[in-house]
Each structure stands twice: as C-alpha cells, then as structure tokens.
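Working through the structure, step by step
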Amino acid sequence: MRKAEAGQLIKQAREAWKAEEWLRAAGLYEQVLARFPDEKPSADWWYDAALAHKFLRNWAKAYELGREAAARAPRGEGDPAYWNLGIAATIQRDWATARDAWAGFGIDLPDGEGEIVGGFGNACVRLDTGGEREVVWIERLCPTRGRVVNVPVTGGRRYGEIVVHDGEPKGERILDGVTFPVFDELLLFEASELPTLEVTVAAGETDDLRALLDLFGEHGYGAEPASSVRVLCACCSEGTHQQERSLPSGAQTVSLAAPEEDARRLLAQWADGAAIGRSWSGLATVG
C-alpha cells in the first residue's frame, strides 16, 4: 500500500465516521495501520479505531487497539486514549493494564495489584436494560465501576450489582448543594444475588421511615420508598436536577433488597422499636 492509497482510505474512514458507520470506519483505519502503524497521525487513527469498537461494544477489539493508541499517547496529561483503554481493560478484567491506563491518564489509585476497589466517591448511572432506562446512585469503586446503592424499579436490576459506566457525563444531579455527574451504563459487570421485595409500611412520623431505611442499610441491605422515584423524559434525564432528601410519613410502598427471611426479621424489629405508629404488611418478591 502506497501513501496515496492510504490517504484515500483515511478519507473514506472519516466519511464513514461522520455517518456513524463504526465497523466500516474501524476496518478502514485498521487497513492503513497494518501498513503505517507509526506515522505522525497514526496515534489518532489507533484512537479512532479503538473508539469505534467501543461504540460497537466490541470490547476485545477496543482493548486490542486501545493498547496501541495508549502506547502512542503522552502519559499524565489526561489523554483520552488511556481512559478508553482503562474501560476496555476493566471489562476484560486485565487489572494490570487497567491500573497502568488510569495512571497514564493521571489518576491516583489505591496501592496494590489486581482488581481495583477504592473510594472514588458517589455518582449516578443511567441503567440501560433492553432500552428501559433508570438513573440510580452508585458508590464508585474505580474510575469506571460502581456499586448500585438504590433499589432499582427496573425488572431484573438489583441493589448491590456492579456496573461499568462511560466516562462522559450525560446529566447532573444536585444533592445538598453538591453536584454529581450522571454516566451512561456500558454493561453489568457483576450481578447481585439480593432479591427485590415490596412491602407496605405505615410510618407514623418521618423519623419512623428513616429508622427503617437506616436499619436495612446497617445490615448491608437496601430500602427505597416509592416516593423517591421520579419519572423524567429522556431529554430531561440528561439535564440538571435537584434531588431532595424529604421522607413522607403515613402508609406507603417501600422496595427492599434483602433475603425474604432477613427482611421479615428486620421489619418486625423495626415495628417493635416504637410503641405506636409502625406496622407493615404484604411483603412480596418482585422482578
């Protein structure tokens, strides 16, 4: 292949990119890179080819080409080649490469080897389950993984599952004056075994409901009042929204994430914790 022919293929690749024909774009870039892997613009071609496979959710190819892109990127300057490689390596469970990619981007990681389990703060993730979307809160374990700490209302999704999310925020949530990014889910990384239950509770005071949520949380389980769920259109979901911590009193539905036997025990403990104003009924598995 001569450079003139390579130039024509790059032109076609860019046209395919604009048309969002990701597979064609990647294939054209790869044809050129097989002959010209280290020309001055090759780093950009490696990056675009890897990114196209990321869009296709072809993680093996995104990982393979991402390694080439990162090898030609400057370290410690926030180059996105390292971020995309970090995502792909995480999904491939190549922890050594993931750690090196995050370090190359310029992120400080907890010391150690293997799987990254750190405290990277809180954020929100837009779960995508067969086109059904729901924004939930997560505890970030690394730059691209988080543990779900809501009880999702979407069927098949569970409290405690670990998801991989993208790096570009698509929306914001504001809680107590602090702004948190909303990321799109890329895939379910680790499922949760905790079933989702629903129960009707009567809480005489707001503090009674708070005591129930805290009790389940103290045991590593989830509890979510139906009043905390807000329905937003897709466009609004990607905007900025104020979140409220207000809890209602009275009779209401609460979603729980716990084994049924434990849920019954904790509900009974909660109800017995006050002389009046607390009761529950209709505990059932959902989803």
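Digging into the sheet that holds strand β11 (residues 278–286)
- Spatially, β8-β10-β7-β11 is the arrangement adopted by the 4 strands of the open sheet, whose pairing is antiparallel. The two strands at the open ends of the sheet, each matched to only one other strand, are β8 (222–225) and β11. Shown here is a sheet whose adjacent strand axes are inclined to one another by a mean of 25°, direction ignored.
- Alignment of strand β7 (residues 196–203) against strand β10 (residues 250–257), held across 8 bridges, turns out to be antiparallel. Paired with Glu 198 across the bridge in β10 is Ser 255.
- Where helix α7 (residues 206–218) meets the sheet, its contacts fall on β7, β8, β10 and β11, and the angle it forms with β8 comes to roughly 150°.
- Sheet strands touched by helix α9 (residues 260–272): β7, β10 and β11. Its angle to β11, the strand with the most contacts, is close to 170°.

Some details on the environment of Arg 2
- Structurally, Arg 2 is set in the segment before α1 (3–18).
- For Arg 2, a relative accessible area of 71% translates into the label exposed.
- Here the alpha-carbon distance between Arg 2 and Arg 35, two residues 33 residues apart in the chain, equals 8.9 Å.

A few points about the pattern of salt bridges
- Scanning all chains against the criterion turns up 18 salt bridges.
- One salt bridge in this structure joins Glu 260 and Arg 264, with 3.0 Å as the shortest N-O distance. Of this pair, Glu 260 and Arg 264 both sit in helix α9, 4 residues apart, which is roughly one turn of the helix.
- A relative accessible area of 34% places Glu 260 in the partly exposed class.
- Salt bridges here are not isolated pairs; linked through shared partners, they connect Glu 30, Lys 61 and Glu 64.

Definitions and limits used
- Residues numbered from 1 in each chain as written.
- Predicted model: local features only at pLDDT ≥ 70, side-chain atom pairs only at ≥ 80, totals over all residues.
- Heavy atoms only, no water.
- Pairing = 2+ DSSP bridges.
- Helix = DSSP H or I, 4+ residues; strand = E, 2+ residues; numbered from the N terminus.
- Axes fitted to C-alpha atoms, helices over the stretch in contact; angles between N-to-C directions.
- Contact = heavy atoms within 4.5 Å.
- Buried < 20%, exposed > 50% of the residue type's maximum accessible area, 1.4 Å probe, protein only.
- Salt bridge = Lys/Arg side-chain N within 4 Å of Asp/Glu carboxyl O.

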